[in-house]
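Structural overview
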Amino acid sequence: LDLSTFFLGRPLTAPLMNASGVWCNVNSQLHALAESEAGAMVTKSCTLLRRDGNPEPRYHTLTMGSINSMGLPNEGHQYYLDYAERHDYENKPLFFSVAGLTLDDNLTIVAQIQDAYTPALLELNLSCPNVPGKAQIAYDFDALDVILAEISSAYSRPFGVKLPPYFDIAHFDEVADILNRYEKVNFITCINSIGNGLMIDMESETVLIKPKQGFGGIGGEYVLPTALANVNAFHQRCPKKSIIGCGGVNTGEHVFMHLLAGASIVQVGTALYEQGPDIFVRLKAELAQIMQEKGYKTIREFQGKLKTL
Ligand SMILES: CC(C)(C)CCc1c(C(=O)O)[nH]c(=O)[nH]c1=O
């Protein structure tokens, strides 16, 4: 039973990894992921300098997921470059997530990744903030085009982008058209949390997290249908790019759905936050069980083969 899926020509031991931001801020967490059954791993989106992030409580578990407004707490890009230098790439590939606060910061960080000759794969987080008062980069299509043009000329290797969810077919079309003009963008990670949700505590009649008057990104089971749609939409529209699925994964069935919808690798966020890296043992076993029951020997036999009616 070959659970492995090929990603950028490399077989992974499992089509599973963490979602950026979860269990990947500091060395102890990164070490735990490196030792886990995950087939790959990604660092917390970094900024040029270290950030404390938002005041707590900034993450809260919900009945079917989570809400967070962490505020990009991270150790600064050099810390993750130092980790990338020590990482054992034979063990599993490492993705390096970047969310610079400005285009200049992104270019500075990317130039240093370039100079570090690290085998890590760049995942550019396009939920990074735009100029105040404007939508996040991924929702400002002109700014999206500019940042991709700038990074493509500053970075000589293939890289990927982490996208927030889109909800309009015209947006899938427009964003895919932009991405398809950048052949260096060879993978797309869909989705980041669904932005600016709000949940309420009935007893105290209060919001659940302190930052942004309680507004925060929604993750977990709530986002699975949106995640699957974005994975499939970009899988269909960007045939020359690999899709990394993210959103709503907590069982082998969810992993199977993401792969069927077109994902090559499946990221786990909220469920990993709640259950820890041992979750990859369970997900791997549950996926293998489903493949056994369906008579699939390899992922290739069903990956991207979602049927329509
Ligand atoms: C939302 C940003 C703070 C601009 C980026 C970091 C980030 C965060 C975060 O650090 O608050 N949370 C998410 O669910 N997704 C993200 O991409």
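Per-chain numbering applies: the sequence of each chain, read as written, is numbered from 1 onward. pLDDT decides what is reported in this predicted model: residues at 70 or higher carry local features, side-chain atom pairs at 80 or more are listed and counted, and totals for whole chains, interfaces and linings draw on all residues regardless. Only hydrogens and water are set aside; all other atoms, that is, all heavy atoms of the structure, feed into the side-chain values.

1. Brief notes about the packing of helix H4 (residues 141-154) against helix H5 (residues 169-180)
Taken N-terminus to C-terminus, the directions of H4 and H5 make an angle of 20°; their axes are 10 Å apart at the nearest point. Accordingly, the angle class assigned to the pair H4 and H5 is roughly parallel. H4 and H5 meet at a crossing whose hand is right-handed. Contacts between H4 and H5 involve Phe141, Leu144, Asp145 and Leu148 from the former and His171, Glu174, Val175, Ile178 and Leu179 from the latter. Every angle, taken between N-to-C directions, lies between 0 and 180 degrees, and every axis is a line fitted to C-alpha atoms, over only the stretch in contact when it is a helix. Per the convention used, a helix needs a DSSP run of H or I reaching at least four residues, while a strand needs a run of E reaching at least two, with both numbered from the N terminus. Should an angle lie under 35 degrees it is considered roughly parallel, over 145 roughly antiparallel, and from 65 to 115 roughly perpendicular; all remaining angles are considered oblique. With the far helix as reference, a near helix turned anticlockwise by less than a right angle produces a left-handed crossing, and one turned clockwise produces a right-handed crossing. Throughout, a residue-residue contact means that at least one pair of heavy atoms, one from each residue, lies within 4.5 Å.

2. A word on the nonpolar core
To define a nonpolar core, start from buried Ala, Val, Leu, Ile, Met, Phe, Trp, Tyr and Cys residues and group those joined through side-chain atoms within 4.5 Å. Here's how the labels work: a residue is buried when its accessible area is under 20% of the maximum for its type, exposed when over 50%, partly exposed in between, all with a 1.4 Å probe on protein chains only. Core analysis: the biggest nonpolar cluster contains 86 residues, and Phe96, Leu148, Val161, Leu163 and Phe234 have the highest contact counts within it. Not counting chain neighbours up to four residues away, the residues in contact with Phe234 comprise Leu163, Tyr166, Phe172, Val175, Ala176, Leu179, Ile188, Cys190 and Ile243.

3. Digging into the confidence of the model for the chain
The pLDDT averaged across the chain works out to 97; a share of 100% of its residues lies at or above 70. Summarising per-element confidence for the chain, the mean pLDDT is lowest in strand S1 (residues 6-7) (84) and highest in helix H6 (residues 224-237) (99). Note: pLDDT gives the predictor's confidence per residue, expressed from 0 to 100.

4. Some details on the pattern of salt bridges
Each reported salt bridge corresponds to a side-chain nitrogen of Lys or Arg within 4 Å of a carboxyl oxygen of Asp or Glu. With the rule as written, the count across this model stands at eight salt bridges. Residue Lys284 pairs with Glu37 through a salt bridge whose shortest N-O separation is 3.1 Å. Highlighted residues: Lys284 in helix H9 (residues 279-294) and Glu37 in the loop between helix H1 (27-35) and strand S4 (41-42), separated in sequence by 247 residues. Here Glu37 falls in the partly exposed class, since its relative accessible area comes to 34%. Two residues, Arg181 and Asp145, come together in a salt bridge whose shortest N-O distance is 2.9 Å. Of the two residues, Arg181 is situated in the loop between H5 and strand S10 (185-190) and Asp145 in helix H4; the sequence distance between them amounts to 36 residues. The class for Asp145 is partly exposed, based on a relative accessible area of 22%. Among the charged side chains, a salt-bridge network with shared partners connects Arg50, Asp52 and Glu75.

5. Here's the deal with the environment of Ala176
Along the chain, Ala176 falls in helix H5. Each C-alpha atom, one on Ala176 and one on Phe234, is 6.6 Å from the other, the two residues being 58 residues apart in sequence. When near neighbours in sequence (up to four residues on either side) are disregarded, Ala176 contacts Phe234, Arg237 and Cys238.

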